[in-house]
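# Structure assessment
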2 protein chains.
Amino acid sequence: MAPVLPAYNLKPKTALPAEEKKQQSDHSNHILYVRVRLATDESDVPFIHGLIHKMAAFYHLSDECEATKPALSSTLFNSKTPFEPFKTVTVFLVEVSSTPFAPNHPSTQHFNHIETTLHLPHPINDPEMELFRTEEGTIIAGFVIFFPSYSTFLSKPAFHVEDLFVREGYRGKGFGGMLMKAVASQAVKMGYARMEWTVTTWNVASHTFYEKLGAHILQDWRIFRLADDALLSYGRSD
Amino acid sequence: MAPVLPAYNLKPKTALPAEEKKQQSDHSNHILYVRVRLATDESDVPFIHGLIHKMAAFYHLSDECEATKPALSSTLFNSKTPFEPFKTVTVFLVEVSSTPFAPNHPSTQHFNHIETTLHLPHPINDPEMELFRTEEGTIIAGFVIFFPSYSTFLSKPAFHVEDLFVREGYRGKGFGGMLMKAVASQAVKMGYARMEWTVTTWNVASHTFYEKLGAHILQDWRIFRLADDALLSYGRSD
């Protein structure tokens, strides 16, 4: 049986009164280290691939998910061009560990990690932990994938968030918020105009989550798509 | 008074029976040369700027349009990085001329022009022609601005079309279709998965236009946006 990680309780990390501290030591005796870092090379592709397929299953869209590891490698980490995070498709991973993270991860040259520590009363049930274990020993819990877009009205770049996903067992613990906040911080740092993303009308829980971040739905806008045979037929030279 | 360009009639360019040809020579005695080309440098910024502001007025959104020529220059044609059309924000312009285009425009090293010739019975009323006249003497009639996006499910890049606009007087002549087709052809050429763009619910004429191209609305999807103070407040480091 796969080992399990302790789960989160809602107690804050800040200093607590002695009595509360005592209670916490009784009920929250597991520490979970959490970090958002940049995916920088092919070693993360198996985890990104796994997360994409988990996400497809969550949306009941596995039939439409054609993501392969070689295709992800060549499109996300093309060795022919220099790695330029934020200028093209970029992935942030949220990973957890029961021990402190080793410093000097190679990704820090491009992006300062965002770290937090959770005190947890219950173990996280993660039967697929081994599939998401990195060489460093951390467990990948979720990801956000985004790329630069552009606003003509503002004449400024922006970020489009393509996907946000946290694996079952790690949800409801603030990991999605950490990932979105990491993208927002990067947007602010780069002077970008805004962040946009799409949601299904039926995923009302996500609407509430995004509205709490300060985002709003553009009610009067719809997305048009031209793809597959229709694109080939229209775009092929006459 | 500004000179006017002849307008389009619906007669095809292909060989016609003698009788019809005679009629055409009576009624369509003006030829309009039309070309879609890539915008490659700052010399096109005044036209792009003008088109963005015309588009804002069309949508009654002039108050929200902050586009400036310096901001467009630095974001579209940043001299610090090599010009890489299709890898970042890219602009196709549609321009017209009453005489054949000079060959060897500098943009042809990145994108083969798409040209057509229209036979026109009536002049186009374009009181702002001089504002949109290039050094070469052509008149800029419209543009499409697009950038690469990404589909995780397909692990492939795609194109997001940010804006499509044709100036009044040049509408209804197939220019918008030429621009969209130019983007579609480029997507097919690069093996990209699809094209997507957004539309307002009330712009029903554009829906019909896009559906005729083979595109469809994603009815179950909405766009979320995080911008302005909400982005700053959320994204600023604690």
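What you see is a predicted model; the values in this text were computed from it and never measured.

With that settled, consider the confidence of the model for chain A. Residue and element names in this part refer to chain A. A residue-level look at chain A finds 87% of positions with pLDDT of 70 or above and a mean pLDDT of 88. A low-confidence stretch, residues 1–26 (pLDDT under 50), is modelled with 52 contacts involving residues beyond four sequence positions or located in other chains. Both scores are available for the predicted complex, with the pTM at 0.87 and the ipTM at 0.86.

Attention now moves to helix 6 (residues 228–235) of chain B. Residues and elements named next belong to chain B. Along helix 6, the positions that sit buried rather than exposed are L231, Y234 and G235. For helix 6, the buried positions fall inside an angular range of 85° around the axis, keeping them on one side. In helix 6, those exposed residues whose orientation departs by more than 90 degrees from the buried face are D229 and S233.

With that settled, the discussion passes to the relation of the copies chain A and chain B. Superposing chain A onto chain B takes a rotation of 180° plus a shift of 0.0 Å along the axis, which leaves an RMSD of 0.0 Å. Put plainly, the chains are arranged around a two-fold axis. Closest approach to the rotation axis among the C-alpha atoms of chain A is made by R222 of chain A, whose C-alpha sits 3.2 Å away. When the interface residues of chain A are mapped onto chain B, 100% of them again fall at the interface, so both copies present the same face.

With that out of the way, let us pick up the packing of helix 2 (residues 45–58) of chain A against helix 3 (residues 69–76) of chain A. Residues and elements named next belong to chain A. Contact geometry for helix 2 and helix 3: axes closest at 9 Å, N-to-C directions at 115°. Between helix 2 and helix 3 lies a crossing of right-handed hand. Contacts from V45, P46, I48, H49 and I52 in helix 2 reach K69, L72, S73 and L76 in helix 3. Tallied by class, residues from the contact of helix 2 with helix 3 come to six nonpolar, two polar and one charged.

Pairing is mixed in the open sheet, where eight strands are placed in the order 4(A)-2(A)-3(A)-6(A)-7(A)-8(A)-10(B)-9(A). In this open sheet, the two edge strands, each paired with only one partner strand, are strand 4 (114–120) and strand 9 (216–217) of chain A. Two strands pair when backbone bridges link them, and strand 2 (residues 30–38) of chain A and strand 3 (residues 90–97) of chain A are joined in this way by six bridges, in the antiparallel orientation. The residue bridging V36 of chain A from the neighbouring strand is V94 of chain A, located in strand 3 of chain A. Packed on one face of the sheet, helix 4 (residues 175–189) of chain A meets strand 2, strand 3, strand 4, strand 6 (139–151), strand 7 (156–166) and strand 8 (194–200) of chain A and runs near 165° to strand 7 of chain A.

At the interface, 70 residues of chain A touch 71 residues of chain B. Joining chain A to chain B, the criterion identifies two salt bridges. The partner of E196 of chain B in a salt bridge is R225 of chain A, with the nearest N and O atoms 2.5 Å apart. At the surface where chain A touches chain B, the tally comes to 28 residue pairs in polar contact (both at pLDDT 80 or more). Here the side of chain A that touches chain B is built from residues that sort into 40 nonpolar, 16 polar and 14 charged.

Bringing helix 2 (residues 45–58) of chain B into the picture now. All names here are of chain B. Spanning 14 residues, helix 2 covers 20 Å between terminal C-alpha atoms, matching the ideal 20 Å at 1.5 Å per step. Considered for burial, the residues of helix 2 that qualify are V45, F47, I48, H49, G50, L51, I52, M55 and A56. Residues of helix 2 that are buried sit in contact with helix 3 (69–76), strand 3 (90–97), strand 6 (139–151) and strand 7 (156–166). H60 lies just past helix 2 and shows a positive phi near 55°.

Here we come to the sheet that holds strand 7 of chain B. Hydrogen bonding along the main chain pairs the strands of a sheet, whether they run parallel or antiparallel. Pairing is mixed across the open sheet formed by eight strands, whose spatial order is 4(B)-2(B)-3(B)-6(B)-7(B)-8(B)-10(A)-9(B). Lying at the two open borders of the sheet, with one neighbouring strand each, are strand 4 (114–120) and strand 9 (216–217) of chain B. The strands that helix 6 (residues 228–235) of chain A touches are strand 10 (221–227) of chain A together with strand 8 (194–200) of chain B; relative to strand 10 of chain A, the one it contacts most, it runs at about 70°.

What follows concerns the side chain of T90 of chain B. Mapped onto the elements, T90 of chain B comes out in strand 3. A polar contact is formed between the side chain of T90 of chain B and the backbone oxygen of T88 of chain B, at a distance of 2.9 Å.

Criteria and cut-off values
Along every chain, residues carry numbers that run from 1 in the direction the sequence is written. Here the convention is simple: chains get letters from A, ligands get numbers from 1, in the order in which they are written. pLDDT decides what is reported in this predicted model: residues at 70 or higher carry local features, side-chain atom pairs at 80 or more are listed and counted, and totals for whole chains, interfaces and linings draw on all residues regardless. As a rule here, side-chain values come from all non-hydrogen atoms in the structure, and water together with hydrogens is ignored. Per-residue confidence from the prediction method is given by pLDDT, with values spanning 0 to 100. In what follows, a contact means two residues having at least one pair of non-hydrogen atoms within 4.5 Å. Here the term buried applies to any residue with accessible area under 20% of the maximum for its type, exposed to any over 50%, and partly exposed to those in between, with areas from a 1.4 Å probe on protein chains only. Put simply, DSSP H or I for four residues or longer makes a helix, DSSP E for two residues or longer makes a strand, and each gets a number counted from the N terminus. Working definition: the arc comes from the directions between the helix axis and the C-beta atoms, pointing outward to the latter. Residues reaching a pLDDT of at least 70 in both copies supply the C-alpha atoms on which the copies are superposed by least squares. Orientation is described by axes fitted as lines to C-alpha atoms, over the contacting stretch for helices, and by angles from 0 to 180 degrees between their N-to-C directions. We call a crossing left-handed when the near helix sits turned anticlockwise from the far one by less than a right angle, and right-handed when that turn is clockwise. Amino acids are sorted into nonpolar (Ala, Val, Leu, Ile, Met, Phe, Trp, Tyr, Cys and Pro), charged (Asp, Glu, Lys and Arg) and polar (every other residue, Gly among them). By the convention used here, strands pair only if DSSP detects at least 2 bridges between them. Should a side-chain nitrogen of Lys or Arg be within 4 Å of a carboxyl oxygen of Asp or Glu, the pair is scored as a salt bridge. As used in this structure description, the phrase polar contact means that two N or O atoms lie within 3.5 Å; if the pair is within protein, one of them must be able to donate a hydrogen and the other to accept it, and residues adjacent in sequence are counted only when both atoms belong to side chains. An expected span of 1.5 Å times one less than the residue number is assigned to each helix.

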